[in-house]
Amino acid sequence: MNDWIWLIIIAVVAFVTTFFLTWFLSKFFLKKGIYGHDVHKLARPKVAEMGGIGLMSVLLLASIACIFIFSEFKEHFIVASIVILLVGAIGIWDDLKTLGAITKPFLLMLPSLPIIIWQLVANPTFARSGLILFNPTPYLPLIGPIRITYVYWLLVPFAITIMANSCNMLDVMNGSTPITMMLVSGTGIIATIVFQGLGIVTLPGMVLSTILFSCLFAFFWFNKYPAKIFCGDTGTLTIGAVVALVAIFGRIEIIPVSYTHLRAHETVLDLVCRLLLE
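Summary of the structure given here. In this text, all values refer to a predicted model and were calculated from it rather than measured experimentally.

Another aspect to go through is the overall build of the protein chain. Secondary structure assignment for the protein chain yields 10 helices and 4 strands. Reading the secondary structure of the protein chain in the N-to-C direction produces α-β-β-α-α-α-α-β-β-α-α-α-α-α. The C-alpha atoms of the protein chain give a radius of gyration of 18 Å, which matches the 19 Å a tight globule of 278 residues would have. When the backbone C-alpha atoms are referred to their principal axes, the protein chain occupies close to 60 × 55 × 35 Å. Per-residue burial for the protein chain yields a buried fraction of 51% across its 278 residues. Excluding contacts between residues fewer than 6 apart, the proportion of contacts in the protein chain whose partners are at least 24 apart in sequence is 72%. Accessible surface, the protein chain: about 13,400 Å² in total, of which carbon and sulfur atoms supply 72%. One finds the centroid of the 16 positive side-chain charges in the protein chain at a distance of 7 Å from the centroid of its 13 negative side-chain charges.

Membership of the largest hydrophobic core comes to 72 residues, with the highest contact counts inside it found for Ile115, Phe134 and Ile211. If you list the elements that add at least two residues to this core, you get helix 1 (3-31), helix 2 (52-69), helix 3 (74-97), helix 5 (113-122), helix 6 (149-170), helix 7 (176-197), helix 8 (203-223) and helix 9 (232-250). Looking at this core, the element that brings in the most residues is helix 8, giving 11 residues. Apart from residues lying up to four places away in sequence, Phe134 is in contact with Ile115, Gln119, Phe126, Tyr152, Trp153, Val156 and Ile248.

Let's shift gears to the pattern of salt bridges. Taken as a whole and judged by the stated rule, the model has 2 salt bridges. We note a salt bridge from Asp94 to Lys104, for which the minimum N-O separation is 2.9 Å. In this pair, Asp94 is assigned in helix 3 and Lys104 in helix 4 (residues 103-107), connecting sequence segments 10 residues apart. Pair check on accessibility: Asp94 and Lys104 agree, each one buried.

For Ser63, the location among the structural elements is in helix 2. Given the relative accessible area of 0%, Ser63 is considered buried. In this structure Ser63 touches Phe77, Ala80, Ser81 and Ile84, once residues within four positions along its chain are discounted.

This next bit is on the packing of helix 3 against helix 8. Where helix 3 contacts helix 8, the two axes come as close as 10 Å, and the packing angle between them is 40°. Of the possible angle classes, the one that applies to helix 3 and helix 8 is oblique. Read as a crossing pair, helix 3 and helix 8 show a hand that is right-handed. Residues His76, Phe77 and Ala80 of helix 3 pack against Pro204, Val207 and Leu208 of helix 8. Residue composition of the contact of helix 3 with helix 8, grouped by class: 5 nonpolar, 1 polar and no charged.

One can expect most non-glycine residues to show negative phi and most peptide bonds to be in trans. Across the junction of Tyr225 and Pro226, the peptide omega takes the value -10°, indicating a cis bond. Within the secondary structure, Pro226 is located in the loop between helix 8 and helix 9. Positive phi outside glycine occurs at Met50, with the angle close to 60°. Note on placement: Met50 falls in the loop between strand 2 (46-48) and helix 2. Assessed through its relative accessible area of 9%, Met50 is described here as buried. With phi around 60°, Arg251 is a residue other than glycine that occupies positive phi space.

Moving on: the packing of helix 7 against helix 8. Across the interface, helix 7 lies against helix 8 with an axial gap of 8 Å and an inter-helix angle of 155°. Of the possible angle classes, the one that applies to helix 7 and helix 8 is roughly antiparallel. Considering how the two elements wind past one another, helix 7 and helix 8 form a crossing that is left-handed. Across the interface between the two elements, Ser176, Pro178, Ile179, Met181, Met182, Ser185, Gly186, Gly188, Ile189, Thr192, Ile193 and Gln196 of helix 7 pack against Leu203, Gly205, Met206, Ser209, Thr210, Leu212, Phe213, Leu216, Phe217, Phe219, Phe220 and Asn223 of helix 8.

For the rest of this paragraph, the subject is a nonpolar patch on the surface. Taken together, the side chains of Ile8, Val12, Val16, Phe20, Trp23, Phe24 and Phe28 present a nonpolar region at the surface, about 690 Å² in accessible area. On the secondary structure map, Trp23 appears in helix 1. The exposure class assigned to Trp23 is partly exposed, which follows from its relative accessible area of 43%.

What counts and how
- Residues numbered from 1 in each chain as written.
- Predicted model: local features only at pLDDT ≥ 70, side-chain atom pairs only at ≥ 80, totals over all residues.
- Heavy atoms only, no water.
- Helix = DSSP H or I, 4+ residues; strand = E, 2+ residues; numbered from the N terminus.
- Rg over C-alpha atoms; globule rule 2.2 N^0.38 Å.
- Buried < 20%, exposed > 50% of the residue type's maximum accessible area, 1.4 Å probe, protein only.
- Contact = heavy atoms within 4.5 Å.
- Areas by Shrake-Rupley, 256 points an atom, 1.4 Å probe, with all protein chains shown as cover.
- Lys, Arg positive; Asp, Glu negative; His and termini not counted.
- Charge placed at Lys NZ, Arg CZ, Asp CG, Glu CD.
- Core = buried A, V, L, I, M, F, W, Y, C linked by side-chain atoms within 4.5 Å.
- Salt bridge = Lys/Arg side-chain N within 4 Å of Asp/Glu carboxyl O.
- Axes fitted to C-alpha atoms, helices over the stretch in contact; angles between N-to-C directions.
- Parallel < 35°, antiparallel > 145°, perpendicular 65-115°, else oblique.
- Left-handed = near helix turned anticlockwise from the far one by under 90°.
- Nonpolar A, V, L, I, M, F, W, Y, C, P; charged D, E, K, R; others polar.
- Patch = residues over 30% accessible without salt bridge, like charges linked within 9 Å, V, L, I, M, F, W, Y side chains within 5 Å.

As structure tokens, this is what we get:
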């Protein structure tokens, strides 16, 4: 079956599954006492928390399905599945126990290891005939491709943790996270399609962008004002990690950075300040 048809099918299934799963969790968590108070409303109503578990589950299952659907890029989706699972687990831990402001950013560097190790073992020299999970030649507007081979290896762990924490900081108002990250993932879809048309291999990034957009669009209907469920760290951290994967696999590093650079600066500065003060 044509890749485009599969892409549409996955997008529709991801939307429908996320929609009904989020609807179910918004009722279930409230009954089980897993809720928070919406402090932005005078009545401070109870709102179900940890809704991101649904998002994370659909993103993980969709990524696993892509291993078989887009078998030419199975390594990309195996790695993506591992990253989503690890980040999601850290998010659940953070939702339940609350990780420290220093512990969490460093812990979120660990999910990047599968990307680095797999590339290092399979094709450390980035030979054209071998596996290329990431290309150390990002494209910059008005400049074109720049080669930063050694630096790129060091940037991968920071990409995951900074994007995850940046997205986590967006979750301050009803609907703020899904609407912002829909802009990011939507732009990612357009950019990867353009790159694909220019002969640059970006299909894994395009697929992940599409899945993420579909999941966020479904989740938005329950998280928009007045919110029926909160995303929680499980959701925001996973969303940020997937955006980082889109940037890495789709060779569009500049796009998510342009949307979230202010949050990234805050993350780094906050971490440095805490390290200096402790």
